[in-house]
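As a plain string of letters, each chain reads:
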Amino acid sequence: MRGPILFHAIISAILALFFMAALPALAEDEIRFDKEPLLIQTAAGKTLHFTVEVASSADQRARGLMFRKTMAADAGMIFDFGQSRRVAMWMENTILSLDMLFADDTGTIRHIKENATPYSRDIIDSMGEVKYVVELNAGVVAKLGIKPGDRIVSATTTNKAK
């Protein structure tokens, strides 16, 4: 009688290990993001070009860039919160270090958090009401001279029907 119980316990343990390893990968595939061009118009007169994934649903915003190991230099993600409000972000399960741009409903950048620490549970506060957050690779803000007062422009930020 002990043999079948031991066999089932071993099979259960193997299945548990499989699902523990497979579920994060499967969960990552479940959420899809549309992509769109995004421009940052600087006060210095430069126009910076990016391609961003759009996180507009609650599930997409919750997933964000978690578990990503790489991101192209001109890529990022825009989070659309639908209405202006104070926003709290964090980096749990986020492998990449990121720069975060917090923008109001006109697309004007109001606050920037540079070099957010991967895997951190520390809250990153928007420091005021915003409608959008754009995440870029860490170092992009300093390298390109992006500052509060600059403006983000994309289909998401110009589509007032959303």
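Everything below is about the structure printed above this text.
Each chain carries its own residue numbering, running from 1 in the direction its sequence is written. For this predicted model, a pLDDT threshold of at least 70 governs which residues receive local features, and a threshold of 80 or more governs which side-chain atom pairs are given and counted, while totals over whole chains, interfaces and linings are taken from all residues. Each side-chain value is derived from all of the structure's non-hydrogen atoms; neither hydrogens nor water enter the calculation.

Look at Asn 93: it is not a glycine, yet its phi comes out positive at around 65 degrees. Here Asn 93 shows up in the loop between β3 (75-89) and β4 (98-103). Residue Asn 93 is classed as partly exposed on the basis of its relative accessible area of 31%. A positive phi angle, near 50 degrees, is found at Asn 115, a position not held by glycine. Structurally, Asn 115 can be placed in strand β5 (residues 109-116). Helix and strand definitions here come from DSSP, where helices need a minimum of 4 consecutive H or I residues and strands a minimum of 2 consecutive E residues; each element is numbered from the N-terminal end. Relative accessibility decides the category of a residue: with a 1.4 Å probe and only protein chains considered, values under 20% of the type maximum give buried, values over 50% give exposed, and everything between is partly exposed.

In this model, the largest pocket occupies a volume close to 280 Å³. Taken together, 19 residues make up the lining of the largest pocket; nearest its centre are Arg 61, Ala 62, Phe 79, Met 89 and Trp 90. Residue assignment for the lining of the largest pocket shows that the elements contributing at least two residues are α2 (58-63), β3 and β4. The greatest single-element share of the lining of the largest pocket, amounting to 6 residues, is contributed by β3. Each residue gets one label: Ala, Val, Leu, Ile, Met, Phe, Trp, Tyr, Cys and Pro are nonpolar, Asp, Glu, Lys and Arg are charged, and the others, such as Gly, are polar. The class makeup of the residues in the lining of the largest pocket is 12 nonpolar, 2 polar and 5 charged. A cavity, in this analysis, means grid points on a 1 Å lattice covering only the protein atoms where a 1.4 Å probe fits yet has no way out; a pocket is instead an open set bounded by protein on both sides within 12 Å along at least five of seven lines, and a residue lines either one if it has an atom within 4 Å of a point. Grid points are joined across faces, edges and corners, and a volume is the space filled by probe spheres set on the points.

Moving on: the side chain of Asp 104. Relative to the helices and strands, Asp 104 is located in the loop between β4 and β5. Take Asp 104: its relative accessible area is 10%, and that puts it in the buried class.

Read from one edge of the open sheet, 7 strands run β5-β4-β6-β3-β2-β1-β7, paired in mixed fashion. Both edges of this open sheet fall to β5 and β7 (151-154), since each of them pairs with a single strand only. Sheet twist, expressed as the mean angle between neighbouring strand axes with direction ignored, is 35 degrees. In short, DSSP must find at least two bridges between two strands for them to pair. Two elements, β4 and β5, share 5 bridges in a ladder whose sense is antiparallel. Bridge pairing in β5 places Ala 103 opposite Ile 109. Every angle, taken between N-to-C directions, lies between 0 and 180 degrees, and every axis is a line fitted to C-alpha atoms, over only the stretch in contact when it is a helix.

Taken residue by residue, a regular strand's side chains alternate between the two faces of the sheet. Note: strand β2 (residues 47-55) against β3, 5 bridges, orientation parallel. Bridge assignment links Glu 53 to a residue of β3, and that residue is Met 77. Pairing of β3 with strand β6 (residues 124-137) involves 9 bridges; the strand directions are antiparallel. Looking at the pairing, Arg 86 lines up with Glu 129 of β6.

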